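Okay, here's what each chain looks like letter by letter:
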Amino acid sequence: MARELRDQVIVITGASSGIGAATAVACARAGMDCVLHGRQTDRLEQVAAEVRRFGRRVTSLTGDVTEAGLNERLLDTAEREFGHFDVVFANAGYGFKKASHELTDAELRQIFEVNFFAATHLVCTAARRLIQAGRPGHLLQCSSAVARLTLRNFAAYSATKAAQHHFCRAMRMELRSQRIEVASVHPITTATNFFNRAAQYGRMTPAPDTAPHGDAPRWLVQRPETVANAVVRCLRHPRPEVWTSGVTRLAAALMTYFPRLMDVVGQRV
């Protein structure tokens, strides 16, 4: 039986663009109120305006997810403005393209701070508050298909996403008795500004006409709305993992069973 989402409150990080923004709109369409986080105030307000178009309440908070106390302020905002929160989607993150042996300690630590530690701290803090309040809830982290099948020059990014995936799987088992669902989300290449940012973080200058999907073939590219709709389906029908491509999920399974297959494919991609 599908869960009712109307009047539930979702907290989303990285909501000023891409998957986060699309998820905010999809959740508003499903009748949910939103607490949005992002780094760009003007773009956050644009997303908030879209949420209001569906007659839903919304508030936003800007800042860096690694900033001390930001996660607490996000949850405080939800509780102050709406009285509670029901869902947390730790979506903020970034990646860059760089060979493993060329990574600096600072680059490796920073990507883990953003993608893994900040996201994990948010869902753990949310879990403690839900347990204390005796409320059910749903916690999600935006992992990636590369949590299961990595690519050359994306070792750091893949490692953070694999860490998110495994943390969510363990957390799900730990919290089921508390009526708290946990899921990891595994998009494939998504048409966002991810690759422009990846080029910047990787100390490269993206060309003006850089495609929003990098070098990925178009048949392996999806719209942010595809991920957002999959998240909403998961909220209605909870499951451990949200995969937005059956083909990629099958490929991940095959490459786990046949590790050399990943070597072959990795050399070609």
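Shown above is the structure to which this text applies.
What counts, and at which threshold
- Per-chain numbering applies: the sequence of each chain, read as written, is numbered from 1 onward.
- Per-residue local features of the predicted model are confined to residues with pLDDT of at least 70, and side-chain atom pairs are confined, for both listing and counting, to 80 or more; whole-chain, interface and lining totals are unaffected and use all residues.
- Think of the side-chain values as coming from all heavy atoms in the structure, minus any hydrogens and water.
- Counting from the N terminus, the helices are the DSSP runs of H or I reaching at least four residues and the strands are the DSSP runs of E reaching at least two.
- Polar contacts here mean pairs of N or O atoms no more than 3.5 Å apart (in protein, one a potential hydrogen donor and the other a potential acceptor; neighbouring residues in sequence count only if both atoms are side-chain atoms).
- The contact definition used throughout considers only heavy atoms, calling two residues in contact when any of these lie within 4.5 Å.
- Pairs were defined over the aromatic rings of Phe, Tyr and Trp, the Trp ring being its six-membered one, requiring ring centres within 6.5 Å. Orientation was assigned from the angle between planes: stacked under 30 degrees, edge-to-face over 60, tilted for the rest.
- Only protein chains enter the accessibility calculation, which uses a 1.4 Å probe; a residue is then buried when its area is under 20% of its type maximum, exposed when over 50%, and partly exposed in between.
- For the purposes of this section, nonpolar cores are sets of buried Ala, Val, Leu, Ile, Met, Phe, Trp, Tyr and Cys residues that join through side-chain atoms within 4.5 Å.
- The disulfide criterion used throughout: a pair of cysteine sulfur atoms within 2.5 Å.
- In this analysis, the protein atoms alone were mapped onto a 1 Å grid. Cavities are point sets where a 1.4 Å probe fits without being able to get out; pockets are open sets with protein on both sides within 12 Å along at least five of seven lines; lining residues have an atom within 4 Å of a point.
- Grid points are joined across faces, edges and corners, and a volume is the space filled by probe spheres set on the points.
- Throughout this entry, Asp, Glu, Lys and Arg are counted as charged residues, while Ala, Val, Leu, Ile, Met, Phe, Trp, Tyr, Cys and Pro are counted as nonpolar. The remaining residues, Gly among them, count as polar.
- By definition, a salt bridge exists where a carboxyl oxygen of Asp or Glu is found within 4 Å of a side-chain nitrogen of Lys or Arg.
- Between any two strands, at least two bridges found by DSSP are needed for them to pair.
- For the handedness criterion, the strands are oriented away from the viewer, and a crossover whose path from the first strand over the helix to the second runs clockwise is classed as right-handed.

K.L.:
Which parts of the structure should I look at to understand the side chain of Gln164?
P.N.:
Structurally, Gln164 is set in helix α5 (residues 155–175). A polar contact is formed between the side chain of Gln164 and the side chain of Gln141, at a distance of 2.9 Å. One polar contact links Gln164 to Lys161, side chain to side chain, over a distance of 3.0 Å. Excluding anything up to four places from it in sequence, Gln164 contacts Asn115, Phe116, Ala119, Gln141, Cys142 and Ser143.

K.L.:
When you look at the packing of aromatic side chains in this model, what are you seeing that I'm missing?
P.N.:
Each pair of aromatic rings is reported with the distance of its centres and the angle of its planes. Taken as a whole and judged by the stated rule, the model has four aromatic pairs. Relative to Phe116, the ring of Phe112 lies with its centre 6.5 Å away and its plane at 70°, an arrangement referred to as edge-to-face. Taken together, the residues Phe112 and Phe116, both in helix α4 (residues 105–133) and four residues apart, mark about one turn of the helix. Accessibility assignment for this pair places Phe112 and Phe116 in one class, buried. Judged by centre distance (6.0 Å) and plane angle (75°), the rings of Phe116 and Phe167 are edge-to-face. Linking Phe116 in helix α4 with Phe167 in helix α5, this pair joins segments that are 51 residues apart in sequence. Using a relative accessible area of 30% as the deciding quantity, one classes Phe167 as partly exposed.

K.L.:
Can you help me understand the nonpolar core in this one?
P.N.:
Membership of the largest hydrophobic core comes to 34 residues, with the highest contact counts inside it found for Ile10, Leu36, Phe89, Leu140 and Leu235. Only β1 (9–12), α1 (18–29), β2 (33–38), α2 (41–53), β4 (87–90), β5 (137–142), β6 (180–186) and α7 (224–236) provide two or more residues apiece to this core. Ranked by size, the runner-up nonpolar core spans 23 residues in total, among them Leu74, Leu75, Phe82 and Val123.

K.L.:
Would you take a moment to explain the state of the cysteines for this structure?
P.N.:
A disulfide bridge is the covalent bond that connects two cysteines by way of their sulfur atoms. For the structure shown, the criterion picks out zero disulfides. Cys27 carries a free sulfur, and the closest cysteine sulfur to it, the one in Cys34, is 5.9 Å from it.

K.L.:
I keep staring at empty space enclosed by the protein and nothing clicks. Help me out?
P.N.:
Sizing a probe to match a water molecule and rolling it over the atoms shows the empty space that remains. On inspection of all chains with the given rule, the structure shows one cavity of 30 Å³ or more. Considering only enclosed or pocket space, the largest cavity measures out at about 40 Å³ in volume. Considering the residues around the largest cavity, the lining is formed by Thr13, Val65, Asn71, Ala90, Ala92, Val114, Ala118, Ala119 and Leu122. Looking at the lining of the largest cavity, its residues break down into seven nonpolar, two polar and no charged.

K.L.:
So what exactly am I meant to see when it comes to the pattern of salt bridges here?
P.N.:
Side chains that differ in charge, positive against negative, can pair when their charged atoms come close. Per the stated rule, a full pass over the model turns up 17 salt bridges. Glu45 is paired through a salt bridge with Arg52; the nearest N and O atoms lie 2.9 Å apart. Within this structure, Arg3, Arg172, Arg176 and Glu181 form a network of salt bridges that share partners.

K.L.:
In this structure, what is going on with the pairing of strand β3 (residues 58–62)? I would like to understand it.
P.N.:
The side chains of a regular strand alternate between the sheet's two faces. Pairing of β2 with β3, which is carried by five bridges, proceeds in the parallel orientation. Residue pairing in the sheet places His37 in a bridge with Leu61 of β3. In terms of handedness, the path from β2 via α2 over to β3 forms a crossover that is right-handed.

Read these as layout, nothing more, since geometry by itself doesn't imply function.
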